[in-house]
Amino acid sequence: MSSNREWLERSKAAVWHPCTQMKWHEQLPLMPIQKAQGVWLQDFEGQRYLDGVSSWWVNLFGHAHPRIVAALEDQLRQLEHVMLAGFTHEPVVRLSERLGAATGGTLGHCFYGSDGASATEMALKMSAHYWRNRGQAHRTEFIALAGGYHGETLGALGVTDVPLFREAYASLIRRCHIVPSPDARLGPQAAQSSLAALKQLLESSDAIAALIVEPLVQAAAGMVFHEPDFLKKAAALCRQYGVHLIADEIAVGFGRTGTFFAHEQAGITPDFLCLSKGITGGFLPLSVVMTRDEIFQAFYDDDISRGFLHSHSYTGNAMACRAALAVLDLFEEEEVIAGNRARGPKLETLAASLRSHPRVRNFRNRGMIWAFEVSAAPTDFSRRFHQTALARGVLLRPIGNTVYFMPPYTISDDEFHLMVDATHQSLDDVVRA
Ligand SMILES: *Cc1c(COP(=O)(O)O)cnc(C)c1O
């Protein structure tokens with residue numbers, strides 16, 4: 001077996017692929033990938049594709065980074081896994097200490113899961129259970145932002161505002177309160193309306209347990225930015241009304257917005273911080289919810305039912321934790337945050353030509369995210385642009401009519417230039433100006 005055709009046919013028959021309609025693959029071929037190195041994916045016939053979206057935002061340092069590979073090879077010879085109930089190991093302890101230190105020691109307790117949606121579930125459960133343990137069992141409701149995305153398990157869907165999912169699974173979902181998005185494209189009044197709605201909800205109900213937000217960038221909504229000031233004011237309202245703030249940094253954590261954590265830019269500390277995606281650099285599934293000592297202490301008791309009742313088979317997997325440690329090593333040793341910041345103006349210059357494209361609207365950049373909308377785009381724009389860009393050797397996957405770049409931090413200037421060029425040409429193909 002070695003051709004693309006053979007693998008895609010076998011995959012269509014046996015693998016149920018996510019985030020798509022399988023029938024579309026009658027026209028839209030699957031991409032069989034044989035191997036990957038750096039920003040490049042390679043198929044079975046030697047064709048290469050620049051991974052402009054870090055394979056769904058996870059491969060922060062590209063593919064097969066030798067540093068992470070070496071750490072995993074070493075870990076593999078020592079300990080691949082041990083259950084975390086009643087046992088512990090070096091990688092999970094070191095990782096928890098270092099993540100805690102990255103929050104300045106404020107979020108010093110780490111609870112692990114295997115994917116982003118689980119982190120959302122854990123944070124929601126932890127918040128409500130905290131209130132129960134503190135004698136406020138009526139606090140069981142949550143607030144989320146319009147267009148917010150927090151994962152697709154049933155609990156996470158309750159705080160995810162994607163109409164398609166909402167409708168299909170409405171009868172299974174416990175819905176939350178939604179306040180308007182502070183979408184910066186709509187001007188400062190969007191943030192004001194959002195804060196006013198938030199304040200009104202907090203004032204009118206004592207059943208709220210927490211507000212959940214994606215700090216600075218609502219990524220799955222189409223790279224919708226908001227200002228740090230919104231986050232700062234939302235955090236102040238949460239504090240004023242005594243409800244938790246859950247920062248879902250599953251997409252934006254680990255340097256994506258220009259600081260190690262996005263919430264740092266607002267000068268706030270959330271009560272719960274959810275991390276996943278980039279945490280292992282795309283090598284292994286891992287997620288974590290971090291929280292502060294006072295919350296941890298509310299669960300610390302002789303009574304089992306006051307403890308946090310949650311577990312996953314792979315909780316704190318040693319290989320995954322070791323990959324995450326290698327990621328943290330890379331951040332420190334290669335001064336990634338400072339390096340990305342220093343490259344900002346250069347990458348901005350490389351991307352600038354897109355700003356003046358006649359069909360490009362709202363061109364925006366924050367840290368290592370670039371995005372824009374395409375005006376008067378056809379309804380099947382996303383699929384067509386994706387296909388056209390692939391034919392030019394670049395993997396980009398627009399969200400509706402929003403085209404975005406979320407490349408690995410290791411992308412070179414030349415590779416970035418190539419990605420911008422392919423975008424220009426694909427735009428001209430799909431939406432002739
Ligand atoms: C991707 C994502 C999730 C869900 O993570 P999964 O690992 O896909 O379950 C949750 N929140 C945000 C902000 C995300 O981007």
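Values in this document were obtained by computation on a predicted structure and should not be read as measured data.

Colleague: Mind showing me how you'd approach the packing of aromatic side chains here?
Modeller: Aromatic ring pairs are reported here in terms of the distance separating the ring centres and the angle at which the planes meet. Evaluation of the coordinates by the stated rule reveals 18 aromatic pairs. Summarising the aromatic geometry, the rings of F299 and F308 are spaced 6.0 Å apart at their centres and angled 85° between planes, so their arrangement reads as edge-to-face. Across the pair, exposure class does not vary: F299 and F308 are buried alike. Of the aromatic side chains, those joined through ring pairs into one cluster are F61, F254, F260, F261, F331 and Y409. When the ring centre of W131 is taken as reference, the NZ or CZ atom of R139 above it lies at 5.0 Å. For R364, the ring lying beneath its charged end belongs to F225, and the centroid distance is 5.6 Å.

Colleague: Explain the nonpolar core here, please?
Modeller: Considering soluble globular proteins, one finds that nonpolar side chains tend to be buried as a cluster. Core analysis: the largest hydrophobic core is formed by 102 residues, its most contacted members being L95, L99, M223, F254, F331, F416 and L427. When residues of this core are assigned to domains, at least three fall in each of domain 1 (33-64 + 336-432) and domain 2 (68-333).

Colleague: Just to check I follow, could you spell out the sheet that holds strand β14 (residues 369-374) for this structure?
Modeller: Remark on secondary structure: sheet strands pair via backbone hydrogen bonds, oriented parallel or antiparallel. As summarised here, the arrangement of the 3 strands in space is β13-β14-β16, forming an open sheet in which the pairing is antiparallel. On the outer flanks of this sheet lie β13 (360-366) and β16 (402-405), each paired with one strand and no other. Ignoring which end each strand starts from, the neighbouring axes of this sheet average 15° apart. Looking at chain direction, β13 and β14 are connected through 5 bridges and run antiparallel. Looking across to β14, one finds that V360 is bridged to V374. Helix α14 (residues 413-430) rests against β13, β14 and β16 of the sheet, and its axis sits at about 165° to β16.

Thresholds applied
- Residues numbered from 1 in each chain as written.
- Predicted model: local features only at pLDDT ≥ 70, side-chain atom pairs only at ≥ 80, totals over all residues.
- Heavy atoms only, no water.
- Phe/Tyr/Trp six-rings, centres within 6.5 Å; stacked < 30°, edge-to-face > 60°.
- Buried < 20%, exposed > 50% of the residue type's maximum accessible area, 1.4 Å probe, protein only.
- Lys NZ or Arg CZ within 6 Å of the ring centre and 35° of its normal.
- Core = buried A, V, L, I, M, F, W, Y, C linked by side-chain atoms within 4.5 Å.
- Domains from an automatic or database assignment.
- Pairing = 2+ DSSP bridges.
- Helix = DSSP H or I, 4+ residues; strand = E, 2+ residues; numbered from the N terminus.
- Axes fitted to C-alpha atoms, helices over the stretch in contact; angles between N-to-C directions.
- Contact = heavy atoms within 4.5 Å.

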